[in-house]
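Residue strings, one per chain:
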Amino acid sequence: MDESRDPFREARRRSGILECEFQGEQVPMILGHAEVRAAAKDWQTFSSDAPFRVPIPSEEEMRTVRQLPIETDPPQHTAYREIVEPFFRRPKDPEFVQRVRLLVRELLGGALSRPEVEVVRELALPFQSRALTYLLDVPESEAKTWIGWGIHVFKDGADGEVKGAELERYIHAQLDRAEASPGQDFFSALVIAEYDGRKLSREEMLGFANLTFAGGRDTVIHTVSSVVDYLAAHPEALAFLREDSKRVIHASEEFFRVFMPLTHIGRVCPGGAELPGKTMAPGDRISLCWASANRDESVFAEADEIRLDRKPNPHLSFGFGTHICLGAAHARLLVRVLLEELAAGIAGIRVISSVPHVEKAAAYRRMTGFDELRVAFSGL
Ligand code: HEM
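Each value, and the rule that gives it
Sequence positions are assigned chain by chain, starting from 1 and proceeding in written order. In view of the model being predicted, local features appear only for residues whose pLDDT reaches at least 70, and side-chain atom pairs are presented and counted only at 80 or more, with totals across whole chains, interfaces and linings using the full set of residues. To obtain the side-chain values, all non-hydrogen atoms of the structure were included, while hydrogens and water were left out. Helix and strand definitions here come from DSSP, where helices need a minimum of 4 consecutive H or I residues and strands a minimum of 2 consecutive E residues; each element is numbered from the N-terminal end. The globule rule used for comparison is 2.2 Å times the number of residues to the exponent 0.38, while the radius of gyration itself is calculated over C-alpha atoms. When accessible area is computed with a 1.4 Å probe and restricted to protein chains, residues below 20% of their type maximum are described as buried, those above 50% as exposed, and intermediate ones as partly exposed. Note on contacts: a residue pair is in contact if any heavy atoms of the two residues lie within 4.5 Å. Angles run from 0 to 180 degrees between N-to-C directions of axes, and those axes are lines fitted to C-alpha atoms, restricted for helices to the stretch in contact. Geometric relationships in this document are graded by angle, where less than 35 degrees denotes roughly parallel, more than 145 denotes roughly antiparallel, 65 to 115 denotes roughly perpendicular, and other angles denote oblique. Handedness of a crossing follows from how the near helix is turned relative to the far one, being left-handed for an anticlockwise turn of less than a right angle and right-handed for a clockwise one. Here a donor is any nitrogen, oxygen or sulfur atom (N, O, S) within 2.8 Å of the metal, with 3.2 Å used for Na, K and Ca; water is not among the atoms considered, so some sites may look incomplete. For this scheme, ten residues count as nonpolar: Ala, Val, Leu, Ile, Met, Phe, Trp, Tyr, Cys and Pro. Four count as charged, namely Asp, Glu, Lys and Arg, and the remainder, Gly too, count as polar. Here, strands pair whenever DSSP counts at least two bridges between them. As used here, the term nonpolar core means buried Ala, Val, Leu, Ile, Met, Phe, Trp, Tyr and Cys residues forming a set that is joined through side-chain atoms within 4.5 Å. Directions drawn from the helix axis to the C-beta atoms are what define this arc. For Phe, Tyr and Trp, rings pair up if their centres lie within 6.5 Å, where Trp contributes its six-membered ring, and each pair is then called stacked (planes under 30 degrees apart), edge-to-face (over 60) or tilted (otherwise). The rule is short: NZ of Lys or CZ of Arg within 6 Å of the ring centre and within 35 degrees of the ring normal puts a charge over the ring.

An unreviewed UniProt entry lists the chain under the name Cytochrome P450, with Luteolibacter rhizosphaerae as the source organism.

**Describing the overall build of the chain**
A tally of helices and strands in the chain yields 14 helices and 11 strands. Relative to the globule expectation of 21 Å for 380 residues, the C-alpha radius of gyration of the chain, 21 Å, shows essentially globular dimensions. Viewed in the frame of its principal axes, the chain has a C-alpha envelope of about 60 × 60 × 40 Å. Within the chain, buried positions represent 53% of all 380 residues. Long-range contacts, defined here as pairs at least 24 residues apart, represent 69% of the contacts in the chain between residues at least 6 apart.

**A look at the packing of helix H4 (residues 94–112) against helix H5 (residues 119–136)**
Orientation of H4 relative to H5, taken along the N-to-C sense of each, is 160°, at an axis distance of 11 Å. In terms of axis orientation, H4 runs roughly antiparallel to H5. Our pair here, H4 against H5, has a crossing hand that is right-handed. Touching Phe-96, Arg-99, Val-100, Leu-103, Val-104, Glu-106, Leu-107 and Leu-108 of H4 are Leu-123, Pro-126, Phe-127, Arg-130, Ala-131, Tyr-134 and Leu-135, all from H5.

**A look at the coordination of the iron atom of the ligand**
One donor from the polypeptide reaches the iron atom of the ligand: Cys-325 (SG), at 2.3 Å. Mapped onto the fold, Cys-325 is located in the loop between helix H13 (290–293) and helix H14 (328–345).

**A short note on the packing of H5 against helix H10 (residues 218–233)**
Viewed as axis vectors pointing N to C, H5 and H10 meet at an angle of 130°, and their least axial separation amounts to 9 Å. If you check the angle between H5 and H10, you find them oblique. Every pair of crossing elements has a handedness; the one defined by H5 and H10 is right-handed. Note on element contacts: H10 touches H5 through Val-220, Ile-221, Val-224, Ser-225 and Val-228, opposite Val-119, Val-120, Leu-123, Ala-124, Leu-125, Phe-127 and Gln-128. Taken together, the residues of the contact of H5 with H10 sort by class into 10 nonpolar, two polar and no charged.

**With respect to the pairing of strand E10 (residues 346–360)**
Examined bridge by bridge, E10 and strand E11 (residues 365–379) share 13 bridges and lie antiparallel to one another. For Ser-353, the partnering residue across the bridge sits in E11 and is Arg-374. Between E10 and E11, which pair antiparallel and follow one another directly, the connecting turn spans four residues.

**A word on the nonpolar core**
Core analysis: the biggest nonpolar cluster contains 85 residues, and Leu-190, Phe-213, Leu-231, Phe-255 and Phe-377 have the highest contact counts within it. The biggest single contributor to this core is H5, with 11 residues. The contacts of Phe-255, once residues within four sequence positions are left out, are Val-227, Tyr-230, Leu-231, Met-260, Ile-306, Leu-308 and Leu-339. Listed in part, the 31 residues of the second largest apolar core include Phe-8, Cys-20, Phe-22 and Tyr-364.

**Brief notes about helix H11 (residues 235–243)**
Among the residues making up H11, those that are buried are Ala-237, Leu-238 and Leu-241. The arc that holds the buried residues of H11, viewed along the axis, is 100°, so those residues lie on one side. Buried residues belonging to H11 abut H10, helix H12 (247–258), H14 and E10.

**Examining the pairing of strand E2 (residues 25–30)**
Relative to E2, strand E1 (residues 17–22) runs antiparallel, the two being bridged by six bridges. What sits directly across from Leu-18, in E2, is Met-29. In this structure, the hairpin formed by E1 and E2 is closed by a connection of two residues, where Gln-23 is found at a positive phi of approximately 50°. Pairing of E2 with strand E9 (residues 285–288), which is carried by two bridges, proceeds in the parallel orientation. Opposite Met-29, over in E9, you have Ser-287 as the bridge partner.

**Remarks on the packing of aromatic side chains**
Under the criterion given, the structure shown has 16 aromatic pairs. The residue whose ring lies beneath Arg-247 is Phe-240, and the NZ or CZ to ring-centre distance is 4.0 Å.

**A few points about unusual backbone geometry**
Cis peptide bonds are those with omega within 30 degrees of zero, and the linkage from Leu-68 to Pro-69 qualifies with 0°. Relative to the assigned elements, Pro-69 resides in the loop between helix H2 (33–41) and helix H3 (76–88). Cis geometry marks the peptide bond from Lys-311 to Pro-312, where omega comes out at -5°. Structurally, Pro-312 is set in the loop between H13 and H14. A positive phi is found at Asp-137, a non-glycine position, where the angle reads about 55°. With respect to the helices and strands, Asp-137 occurs in the loop between H5 and helix H6 (142–148).

Structural data, given as structure tokens:
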């Protein structure tokens, strides 16, 4: 298995901690599965109440608002999370599942009719964007705008513009529309919502919408491209899934484990903390390294191997504890349906060229997906 996905192995075995500098700040990354889980549950010691500082690197330059509910602790977190939870349950509805299936069939049908497809922009991005319109219950035509943002809308501002400004302008416009005439959609739910006996402020609404767009974009796109690349190299995996459609459940969990697109997430220690061999001062930050925990040899036998029937598979790709991913049901549905439809209609995938996406930090480099993946699909 590709080592570039798990650059933490040595440090995980040695001490369980990797010290890494981000934007001039030394951050110890917690690497072991048990230790990451314990820290993720202990929100009093390892707090998320830190605007812009839950993601690592921090995002002061990328947005103007605190993301909700992720950058809060209980009890505020619980009340904030309840506001948007009903939307994240929508993927359980059979009609929703069928819509996603028809979308995948359309996209794969288009891909099969062309000699080559660039998976990131022509498959993963439209898939992620159009499926998100179903989740947020907005017209599917909105996806055209979201696709037009390309894949780095949150990172690269237009010349001289504050980064992330385009997204914030878009969200403001949607909230204005919802205020003028509320409907059933996500933006209207924010406009109508009550928190602590009052309406949400515009800043809070922006914080919810910003996270929903940001959290579900690169994560899904990188997972889709990584899965397609794997299946290209392993046609026997397509045949294995074709034999029994229930196999996609364990297979997709294994893909989430090994291809974890989100290396880590930060927490702040309000009252300091003790880590193995290190004392954290109040206000210091640590990282919960999900990607490393997913390769912990003491939990996953042959952790570097992809076993499509791995069971149990307690990976931490959707986090653990208080902030466990709200979009997990949606992401799972997308990957399961994609696998089912690939297995049902695709005989093989040939990679023509690829540009891996590599996250570069002071103490590690890690592949998280692809910037570009050109392939040719062949039908059954
Ligand atoms: C939280 C990963 C897809 C929305 C999280 C967390 C992780 C994660 C690790 C926990 C963060 C923490 O503990 O601080 C992923 C991965 C995905 C994915 C790997 C896809 C493969 C999505 C999607 C959406 C989404 C599709 C929305 C459309 C959220 C939200 C939270 C969250 C709103 C915050 C939950 C809270 O604070 O209570 N995600 N995510 N995610 N994710 Fe995802």
